[in-house]
Amino acid sequence: MARNIEIKARIDSIQSLWPLVVNIADEGPIEIIQDDTFFPCANGRLKLRAFSDHDGQLIFYQRPDSAGPKQSFYVISPTASPDTLRQSLTLAYGESGRVQKHRALFMVGRTRVHLDKVEGLGDFLELEVVLAEDESSETGVSIAHELLEKLGISHQWLIEEAYVDLLARLPGKVIHQPDNQ
């Protein structure tokens, strides 16, 4: 499985961080609209990420919920039919949540820097330091800490949970379960 070191932080605004990210970025921004649907999964997390009606990815990943940099293992399967795949998975397993966001993707070396505007939650920074197959996670953690320092991100801003978990705690959130249970 591929792996990376991830870290998320709540930020005041994307606009305030934008110039700092642009200043250190090698590539970007690439603007991406993402609609992530999560499904119950005992061994980690399973989400369908739709970019459009004809472009998406089914992503399985395992990552601890802890503040600060954490290792994530993942497998990505592209799909040309995200809507019908979402319908099939929802009928089979139910949905455990949905996250809609506008993402600006930058590359800083081998690190994916995301400036995310998450519907219902606000603005966030996410770093994903891609690790080589035989590389230690400590190397990625070190890179993540360096980037946090360059961007002026306080450790108090780091969040443990995934966006879907934060959204699930909002009042009035309804999760769709299959009708046959």
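Above: the structure in question.
Analysis parameters
Residues numbered from 1 in each chain as written. Predicted model: local features only at pLDDT ≥ 70, side-chain atom pairs only at ≥ 80, totals over all residues. Heavy atoms only, no water. Phe/Tyr/Trp six-rings, centres within 6.5 Å; stacked < 30°, edge-to-face > 60°. Helix = DSSP H or I, 4+ residues; strand = E, 2+ residues; numbered from the N terminus. Buried < 20%, exposed > 50% of the residue type's maximum accessible area, 1.4 Å probe, protein only. Arc of directions from axis to C-beta. Expected span 1.5 Å × (residues − 1). Salt bridge = Lys/Arg side-chain N within 4 Å of Asp/Glu carboxyl O. Core = buried A, V, L, I, M, F, W, Y, C linked by side-chain atoms within 4.5 Å. Contact = heavy atoms within 4.5 Å. Polar contact = N/O pair within 3.5 Å; in protein donor to acceptor, adjacent residues only side chain to side chain.

### Brief notes about the packing of aromatic side chains
So, point 1. In the structure shown here, the tally under the stated rule is 2 aromatic pairs.
So, point 2. Seen in terms of ring centroids, Trp 18 and Phe 106 are 5.2 Å apart; in terms of plane orientation they differ by 80°. Their pairing is edge-to-face. A residue pair is termed long-range when its members are at least 10 positions apart, and Trp 18 in helix α1 (residues 14-24) and Phe 106 in strand β6 (residues 97-108) qualify at 88 residues.
So, point 3. The exposure class of Trp 18 is partly exposed, given its relative accessible area of 29%.

### Description of α1
So, point 1. Every buried residue of α1 is accounted for by Ile 14, Leu 17 and Val 21. Each buried residue of α1 sits inside an arc of 70° when the element is viewed along its axis, so together they form one side. Among the exposed residues of α1, those oriented more than 90 degrees off its buried face are Gln 15 and Asn 23.

### A look at helix α2 (residues 82-93)
So, point 1. Its 12 residues give α2 an end-to-end C-alpha distance of 16 Å, which sits within 8% of 16 Å, the value for a rise of 1.5 Å per residue.
So, point 2. Residues of α2 that are buried include every one of Pro 82, Arg 86, Leu 89 and Thr 90, and no others. Angular distribution of buried residues about the axis of α2 spans 100°; they occupy a single face of the element. The exposed set on the far side of α2, more than 90 degrees from its buried face, consists of Gln 87 and Leu 91.

### Comments concerning the pattern of salt bridges
So, point 1. In the structure shown here, the tally under the stated rule is 15 salt bridges.
So, point 2. Among the salt bridges present, the one from Arg 103 reaches Asp 116, with a minimum N-O distance of 2.7 Å. Placement of the pair is Arg 103 in strand β6 and Asp 116 in strand β7 (residues 111-118), with a sequence separation of 13 residues. The same class applies to Arg 103 as to Asp 116, namely buried.
So, point 3. A salt bridge links Arg 103 to Glu 126; the nearest nitrogen and oxygen atoms lie 3.0 Å apart. One end of the pair, Arg 103, is in strand β6; the other, Glu 126, is in strand β8 (residues 122-130), with 23 residues separating them in the sequence.
So, point 4. For Arg 103, a relative accessible area of 4% gives the class buried.
So, point 5. Here the residues in one salt-bridge network are Lys 8, Arg 103, Asp 116 and Glu 126, joined through shared partners.

### Remarks on the nonpolar core
So, point 1. Ranked by size, the top nonpolar core spans 22 residues in total, and within it Leu 17, Leu 115, Leu 125 and Ile 153 carry the most contacts.
So, point 2. Here Leu 115 is in contact with Ile 11, Ile 14, Leu 17, Trp 18, Val 21, His 102, Arg 103, Ala 104, Phe 106, Phe 124 and Leu 125, once residues within four sequence places are set aside.
So, point 3. Counting residues in each nonpolar core, the second largest holds 14 residues, with Leu 121, Val 164, Leu 166 and Leu 167 among its members.

### Remarks on the environment of Glu 119
So, point 1. Inspection of the secondary structure assignment puts Glu 119 in the loop between β7 and β8.
So, point 2. Along the sequence, Glu 119 and His 102 sit 17 residues apart, while their C-alpha atoms lie 8.2 Å from each other.
So, point 3. If near-sequence neighbours (up to four positions away) are discounted, Glu 119 is found in contact with Gln 100 and Leu 167.

### Things to note about the environment of Glu 135
So, point 1. Relative to the helices and strands, Glu 135 resides in the loop between β8 and α3 (137-150).
So, point 2. The buried category is assigned to Glu 135, whose relative accessible area is 17%.
So, point 3. When near neighbours in sequence (up to four residues on either side) are disregarded, Glu 135 contacts Arg 3, Arg 110 and Val 130.
So, point 4. A polar atom in the side chain of Glu 135 sits 2.5 Å from the side chain of Arg 110.
So, point 5. In this structure the side chain of Glu 135 is engaged in a polar contact, spanning 2.9 Å, whose partner is the backbone nitrogen of Ala 132.

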